[in-house]
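Fold and geometry: a report
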Amino acid sequence: MARKKGEPECCFDCVPCSEGKISNLTDSMECTSCPEDFWSSPKHDHCVPKKTEFLSFHEPLGICLTTASLLGTFLCAVVLGIFIHHRSTPMRNFQLNEMHKPGDVVLGGLFEVHYSSVFPEWTYTSEPQWPICKGFDTLGFRHAMTMAFAIDEINRKSDLLPNVTLGYSLYDNCGALVIGFSGGLSLASGREEHYVIEENCLGTPPVLGIVGDSASTFSIATSNVLGLFKMPIVSYFSTCSCLSNRQRFPSFFRTIPSDAFQVRAMIQILQHFSWTWVGLLVSDDDYGLHVARSFQSDLTQSSGACLAYVEVLPWDSDPTKLSRIVDVMKISTARVVMVFAHEFHMIHLMAEVLRQNVTGLQWIASEAWTASTVLQTPELMPYLRGTLGIAIRRGEIPGLREFLIQIHPDKVKNGSSGTSMVRQFWESTFRCKFASSGWLKAGEKLCNGEEDLQNVESDFLDVSNLRPEYNIYKAVYSLAYALDDVMKCEPGRGPFSGHSCAILQTLEPWQVVHYLQKVNFTTSFGDQVSFDENGDALPIYDVINWLWLPDGKTKVQNVGEVKRSDFKGEVLKIDEDKIFWNFIPKKPPRSVCSESCPPGTRMARKKGEPECCFDCVPCSEGKISNLTDSMECTSCPEDFWSSPKHDHCVPKKTEFLSFHEPLGICLTTASLLGTFLCAVILGIFIHHRSTPMVRANNTELSFLLLVSLKLCFLCSLLFIGRPRLWTCKLRHVTFGIIFVLCVSCILVKTMVVLAVFKASKPGGEAVLKWFGAMQQRGTVLVLTSIQAAICTVWIVFSSPSPHKNTKYYNDKIVYECVVGSTIGFIVLLGYIGFLAILSFLLAFLARNLPDNFNEAKLITFSMLIFCAVWVAFVPAYVNSPGKYADAVEIFAILASSFGLLVSLFGPKCYIILLRPEWNTKKAIMGRGTTNSSK
């Protein structure tokens with residue numbers, strides 16, 4: 001039931017229950033939910049079990065899938081039967097370029113004897129044809145022959161693998177991953193033409209170790225598969241740092257440092273020549289892409305350098321892509337270009353550089369192309385001369401040249417698969433064709449086998465710069481020493497289960513890996529060979545420089561080395577005097593995004609650009625930077641300020657009111673002048689002390705007043721000079737007490753004038769007894785003692801002290817005296833002001849007394865000046881900074897003192913000195929009578 005809105009509860013609507021809910025009673029107020037496994041009936045009056053759904057064998061979809069599954073099972077059984085029935089027949093022969101030599105133990109080798117391949121089109125109407133190898137690489141063939149030489153040399157040694165003959169199986173990868181990978185699988189599994197596998201699948205595998213491959217991508221593919229079977233692979237040229245991953249490549253070793261070390265070595269070179277803005281070109285493979293990632297992460301952290309651009313060189317040598325890359329190089333301000341790519345990429349890149357005539361670049365070569373001879377042509381050397389590069393460690397292999405000279409097609413046994421590879425070398429070297437190679441083309445000659453390798457100009461016999469060959473040589477010897485350690489194992493002391501030893505007849509690859517990890521020997525060239533926990537050899541690189549000789553030849557010379565030190569990390573040794581620079585003048589180029597910031601400035605990174613691009617912002621006032629390329633300016637210590645160039649801190653100028661500056665000299669002069677005038681007037685008064693003018697003006701108080709005024713002038717000198725603790729304490733205390741003494745004398749004089757006037761009236765004689773000489777002295781002493789007490793309390797609890805104030809000026813230190821207690825200073829001034837106002841009021845009341853007592857007028861005028869000066873002093877003092885506050889206070893002291901001196905003693909001195917006829921009792925009394933009668 002749903003009650004109708006605004007109507008009695010007997011008026012309602014009947015609302016159907018929602019899905020999953022029921023009501024089984026009449027006039028139900030609520031619908032109840034069904035249990036989890038139930039659902040509401042169509043009438044929603046009871047719950048029914050939910051329908052069940054699953055993929056059944058009886059429904060159409062289940063029937064179709066079951067049929068497909070059984071069909072696949074049947075086909076697998078048929079194929080398995082076919083393979084079992086034809087298990088003794090080869091499925092298909094790999095047409096690999098190869099060379100073999102039998103032995104008790106066979107080692108495999110993968111080399112790039114051809115640097116490219118042509119893949120025929122797959123039509124899917126006939127059997128696919130095997131790729132055709134193109135571009136014979138003489139140096140690649142020498143690499144393969146170096147392995148053959150090393151094995152031949154080991155077989156002739158009596159102290160290494162005695163009574164064991166090593167053989168080899170060498171394959172050409174033709175610069176193609178699929179061919180290199182097929183060669184690796186063939187080495188691991190064997191081929192029926194050369195190996196007979198026992199029916200029980202026992203015995204040693206076809207090879208117990210592989211030397212190769214050259215390219216990192218090839219080694220990654222081969223090691224990914226053969227690593228599952230723990231087949232030891234020792235590469236001589238694969239540098240990708242990813243191959244150091246022991247989890248992924250458990251049986252991979254190499255005699256060349258990884259790219260991780262090569263990257264750090266490159267960074268060392270960049271640091272050495274202060275190159276912070278460089279371009280990076282990498283190949284589009286594992287080798288190049290891993291290097292790019294390493295550089296981008298390590299470069300900034302290690303040296304503060306930045307990559308101006310990172311470009312990937314395409315494998316297809318697309319002219320459009322290469323043109324765009326060279327355009328980037330031209331536009332960039334980076335003068336240093338690092339290239340981690342293969343010889344193939346550099347050939348096409350330099351063709352575009354030549355076309356666009358891009359000069360003024362310093363090339364940095366990776367080990368992949370640093371020794372490439374195909375780039376050392378008269379067309380390219382104007383651009384590439386002066387190239388610096390990281391090169392594989394050069395070594396010497398005694399006897400290799402003699403071995404290479406003996407290579408001849410007729411010395412390979414007929415029927416051996418090695419004949420093809422040697423004949424290809426022979427045809428490439430002498431530009432001829434053997435009769436069995438097919439029809440001769442126009443201009444080709446027939447090879448007769450009488451050609452002499454020593455009479456042809458070729459790099460094949462040049463063994464003065466053996467780098468990859470030396471790594472191959474070390475790789476073969478590493479496997480040989482590992483096998484030798486296997487042979488030397490003593491039964492019962494072996495490293496395997498039950499302290500057993502491996503047996504040559506049943507030797508497994510993983511056992512070779514165990515011994516290979518522990519290999520440690522020294523070559524005849526003096527280099528130590530061993531592997532770390534990641535299978536990497538001891539890292540060392542040569543630094544080379546391309547020198548173009550006047551005769552048109554290129555010399556690749558060693559100019560240094562980079563090696564790892566256990567204590568210092570990567571250590572670079574380089575001889576700059578030997579380096580040829582392709583610039584004018586002959587010195588390293590500058591390659592920076594922004595010039596270094598000199599001392600006195602800091603680097604401010606440009607928004608949206610690498611951190612090597614920055615502006616040099618001058619340090620703000622009070623801050624300095626004394627190093628080149630400072631990130632921050634440092635504040636000078638409190639008492640120092642920045643120099644004009646902001647490159648060092650200098651002591652701040654000190655400011656105080658000095659006796660030597662014009663203002664100080666003027667105030668000192670005024671103070672001494674006032675003191676002198678007080679002394680003169682005092683002398684005049686003393687000399688004329690018996691005259692009526694002096695006697696009529698309270699001689700004792702006048703003398704005391706003159707002395708106090710003299711002290712007022714002198715106390716102002718305490719405010720001049722560098723503030724010290726004693727002067728700070730004395731200046732305000734002395735000023736306060738002396739001024740109270742002065743004002744007290746004036747107050748008592750005023751009171752005496754009023755008392756004498758009172759006494760002149762009938763019945764007023766009794767007043768004078770309170771203003772006798774003793775009472776006057778006592779009054780002055782008491783009033784002055786009150787100020788002395790105030791000053792004492794102030795000095796004891798919060799005395800003034802010298803202070804270095806740096807708030808007024810940033811570049812100056814203002815020496816000033818802080819009052820300590822502001823209340824004490826206010827009380828001191830307030831007491832002086834109270835006495836001055838009291839004196840003024842009393843004098844003002846007495847201003848109209850008879851002329852006999854007209855000193856009251858002078859006191860009124862003097863106190864008016866005094867009060868005006870000190871009222872003006874307060875705002876002027878508060879708003880005057882530093883020494884000017886002291887000057888204001890001195891001025892107030894001098895102004896008020898001069899005002900009192902001139903007002904009180906000026907008229908008297910005038911009479912005494914210039915109008916002596918007025919300085920008589922009769923004259924004074926007469927003036928009084930005259931004025932009275934008026």
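Treat the numbers as computed from the prediction; the structure is a model and nothing was measured.

1. Thoughts on the overall build of the protein chain
Each helix and strand counted, the protein chain has 22 helices and 35 strands in total. Within the protein chain, the proportion of its 934 residues that are buried is 46%. Taking contacts inside the protein chain between residues at least 6 apart in sequence as the whole, the part at least 24 apart equals 66%. Total accessible area on the protein chain is roughly 47900 Å²; 59% of this is exposed by carbon and sulfur atoms.

2. With respect to the packing of helix α7 (residues 319-331) against helix α8 (residues 343-356)
Remark: α7 packs on α8, axes separated minimally by 10 Å, with the N-to-C direction vectors making an angle of 60 degrees. In terms of axis orientation, α7 runs oblique to α8. For α7 against α8, the interelement crossing comes out right-handed. Judged by residue contacts, L322, S323, V326, D327 and K330 of α7 engage H348, L349, E352, V353, R355 and Q356 from α8.

3. Observations regarding the nonpolar core
In terms of nonpolar packing, the biggest core is built from 105 residues, with F141, W275 and F295 touching the most fellow members. Top contributing element to this core by residue count: helix α12 (residues 468-487), with eleven residues. For F295, the residues in contact, after removing those within four places along its chain, are V263, M266, I267, L280, L307, M338 and F340. Counting residues in hydrophobic clusters, the runner-up holds 67 residues, among them V733, C791, W870 and I893.

4. Brief notes about the packing of aromatic side chains
For the coordinates displayed, the defined rule picks out 31 aromatic pairs. Here the aromatic rings of Y236 and F237 are separated by 6.3 Å at their centres, their planes lie at 40 degrees, and the arrangement is tilted. For Y236, a relative accessible area of 1% corresponds to the buried category. Taking relative accessible area as the criterion, F237 reaches 19% and is therefore assigned buried. Each ring, one from F713 and one from F898, has its centre 4.7 Å from the other, and the planes form 65 degrees; the classification is edge-to-face. Taken as a pair, F713 in helix α16 (residues 699-715) and F898 in helix α21 (residues 883-914) lie far apart in primary sequence, 185 residues in all. Judged by its relative accessible area of 0%, F713 is buried.

5. Regarding α7
Here α7 is 13 residues long and its end C-alpha atoms lie 18 Å apart, about the 18 Å a rise of 1.5 Å per residue gives. The set of residues buried in α7 consists of L322, S323, I325, V326 and M329. Each buried residue of α7 lies within a common arc of 160 degrees when the element is viewed along its axis, so the set occupies one face. Summarising the geometry of α7, the exposed residues directed more than 90 degrees from the buried face are T320 and I331. Next to the buried residues of α7 lie β15 (277-283), β16 (306-313), β17 (336-340), α8 and β18 (362-365). For α7, the N-terminal cap is D318; the gap from its side-chain oxygen to the backbone nitrogen of T320 is 3.1 Å.

6. Section: the pattern of salt bridges
Following the criterion strictly, the structure yields 20 salt bridges and no others. Among the salt bridges present, the one from R254 reaches D536, with a minimum N-O distance of 2.7 Å. Remark: D536 occurs in the loop between β23 (528-530) and β24 (540-548) and R254 occurs in strand β14 (residues 252-254); sequence separation between them is 282 residues. Judged by relative accessible area, D536 falls into the buried class, the value being 10%. A salt bridge links R393 to D527; its shortest N-O distance comes to 3.7 Å. Taken as a pair, R393 in the loop between β19 (388-392) and α10 (400-405) and D527 in the loop between β22 (520-522) and β23 lie far apart in primary sequence, 134 residues in all. Overall, D527 belongs to the buried group, its relative accessible area being 15%. What emerges from the salt-bridge pattern is a single network uniting R393, R467, D527, D542, E561 and K563.

7. Some thoughts on the sheet that holds strand β34 (residues 801-805)
Spatially, β33-β35-β34 is the arrangement adopted by the three strands of the open sheet, whose pairing is mixed. Each edge of the open sheet is held by one strand with a lone partner, namely β33 (653-655) and β34. Adjacent strand axes in the sheet meet at a mean angle of 30 degrees when their direction is disregarded. Bridge analysis of β33 against strand β35 (residues 812-818) gives three bridges, and the strand direction is parallel. Bridge pairing links E655 to V814 in β35.

8. A few points about the confidence of the model for the protein chain
The predicted model of the protein chain has a mean per-residue pLDDT of 83, with 89% of residues at 70 or higher. Per-residue pLDDT, averaged within each element of the protein chain, yields its smallest value for helix α22 (residues 921-933) (51) and its largest for strand β12 (residues 210-211) (96). Here residues 413-417 is a poorly scored stretch, pLDDT under 50, and it has six contacts once near neighbours within four places are set aside; other chains count. Across residues 928-934 the pLDDT falls below 50, and counting only partners more than four positions away or on other chains, this stretch makes three contacts in the model.

9. Considerations on the side chain of T146
With respect to the helices and strands, T146 occurs in helix α2 (residues 138-156). T146 gets classed as buried once you look at its relative accessible area, which sits at 0%. Contact partners of T146, with chain neighbours within four places excluded, come to I397, L400, E469, I472 and Y473.

10. Topic: the sheet that holds strand β13 (residues 233-235)
Spatially, β7-β11-β8-β12-β13-β14 is the arrangement adopted by the six strands of the open sheet, whose pairing is mixed. Each of the sheet's edge strands pairs with one partner strand only, and the pair in question is β7 (98-101) and β14. Of the strand pairs in this sheet, β7 and strand β11 (residues 166-172) are connected by four bridges, and their pairing is antiparallel. Residue pairing across strands places H100 opposite S169, the latter belonging to β11. Most of the contacts of helix α4 (residues 216-226) go to β13, to which it runs at about 165 degrees, and overall it touches β12, β13 and β14.

11. A look at α16
When the terminal C-alpha atoms of α16 are compared, their 24 Å separation across 17 residues agrees well with the 24 Å that a helix rising 1.5 Å per residue should span. L701, S702, L705, L706, S708, L709, C712, F713 and C715 are the residues of α16 that are buried.

12. Considering the environment of L913
Locating L913 in the fold gives a position in helix α21. In this structure L913 comes out as partly exposed when scored by relative accessible area, which is 47%. Sequence separation of L913 and I684 is 229 residues, and the distance between their C-alpha atoms is 8.7 Å.

13. Digging into empty space enclosed by the protein
Empty space among the atoms becomes visible once a probe the size of a water molecule is rolled across them. Enumeration over the complete set of coordinates arrives at three cavities of 30 Å³ or more. In this model, the largest cavity occupies a volume close to 40 Å³. When residues in the lining of the largest cavity are grouped by element, the largest group, three residues, is from α12. Of the residues in the lining of the largest cavity, the class split is nine nonpolar, no polar and no charged.

14. Remarks on unusual backbone geometry
The omega torsion across G212 and D213 is -5 degrees, close enough to zero to call that bond cis. Residue P585 is bonded to the preceding I584 through a cis peptide linkage, with omega at 0 degrees. With respect to the secondary-structure elements, P585 resides in the loop between β26 (569-574) and β27 (601-605). Non-glycine residue N163 carries a positive phi angle of around 65 degrees. Positive phi is not limited to glycine here, since S274 has a value of about 60 degrees. With respect to the helices and strands, the residue S274 is situated in the loop between α5 (259-272) and β15.

15. Brief notes about a nonpolar patch on the surface
Where nonpolar side chains cluster on the molecular surface, the patch consists of L71, F74, L75, V78 and I82 and spans about 470 Å² of accessible area. Tracing the backbone shows F74 in helix α1 (residues 60-85). Using a relative accessible area of 53% as the deciding quantity, one classes F74 as exposed.

16. Structural notes on the side chain of D536
Polar contacts involving the side chain of D536 include one to the side chain of S244, which spans 2.7 Å. D536 has contacts with S244, R254, S258, S530 and F531, leaving out every residue within four places of it along the chain.

17. Description of the state of the cysteines
According to the stated counting rule, one finds twelve disulfides in the structure shown. Through a disulfide, C489 is tied to C501; the S-S separation comes to 1.9 Å. Judged by the sign of its S-S torsion, about -70 degrees, the bond between C489 and C501 is left-handed. Taken together, the residues span a long stretch of sequence, with C489 in the loop between α12 and α13 (509-517) and C501 in the loop between α12 and α13 at a distance of twelve residues. Looking at C489, the relative accessible area reads 16%, which means it is buried. On the basis of relative accessibility, which here comes to 21%, the residue C501 falls in the partly exposed class. The residue that forms a disulfide with C597 is C616, at a sulfur-sulfur distance of 2.1 Å. In this structure, the disulfide formed by C597 and C616 twists by about -95 degrees around the S-S bond and is classed as left-handed.

Scoring rules and cut-offs
Residues numbered from 1 in each chain as written. Predicted model: local features only at pLDDT ≥ 70, side-chain atom pairs only at ≥ 80, totals over all residues. Heavy atoms only, no water. Helix = DSSP H or I, 4+ residues; strand = E, 2+ residues; numbered from the N terminus. Buried < 20%, exposed > 50% of the residue type's maximum accessible area, 1.4 Å probe, protein only. Contact = heavy atoms within 4.5 Å. Areas by Shrake-Rupley, 256 points an atom, 1.4 Å probe, with all protein chains shown as cover. Axes fitted to C-alpha atoms, helices over the stretch in contact; angles between N-to-C directions. Parallel < 35°, antiparallel > 145°, perpendicular 65-115°, else oblique. Left-handed = near helix turned anticlockwise from the far one by under 90°. Core = buried A, V, L, I, M, F, W, Y, C linked by side-chain atoms within 4.5 Å. Phe/Tyr/Trp six-rings, centres within 6.5 Å; stacked < 30°, edge-to-face > 60°. Expected span 1.5 Å × (residues − 1). Arc of directions from axis to C-beta. Polar contact = N/O pair within 3.5 Å; in protein donor to acceptor, adjacent residues only side chain to side chain. Salt bridge = Lys/Arg side-chain N within 4 Å of Asp/Glu carboxyl O. Pairing = 2+ DSSP bridges. pLDDT = per-residue confidence, 0-100. 1 Å grid on protein atoms, 1.4 Å probe; cavity = no way out; pocket = protein on both sides within 12 Å on 5 of 7 lines; lining within 4 Å. Points joined across faces, edges and corners; volume = space filled by probe spheres on them. Nonpolar A, V, L, I, M, F, W, Y, C, P; charged D, E, K, R; others polar. Patch = residues over 30% accessible without salt bridge, like charges linked within 9 Å, V, L, I, M, F, W, Y side chains within 5 Å. Disulfide = S-S within 2.5 Å.

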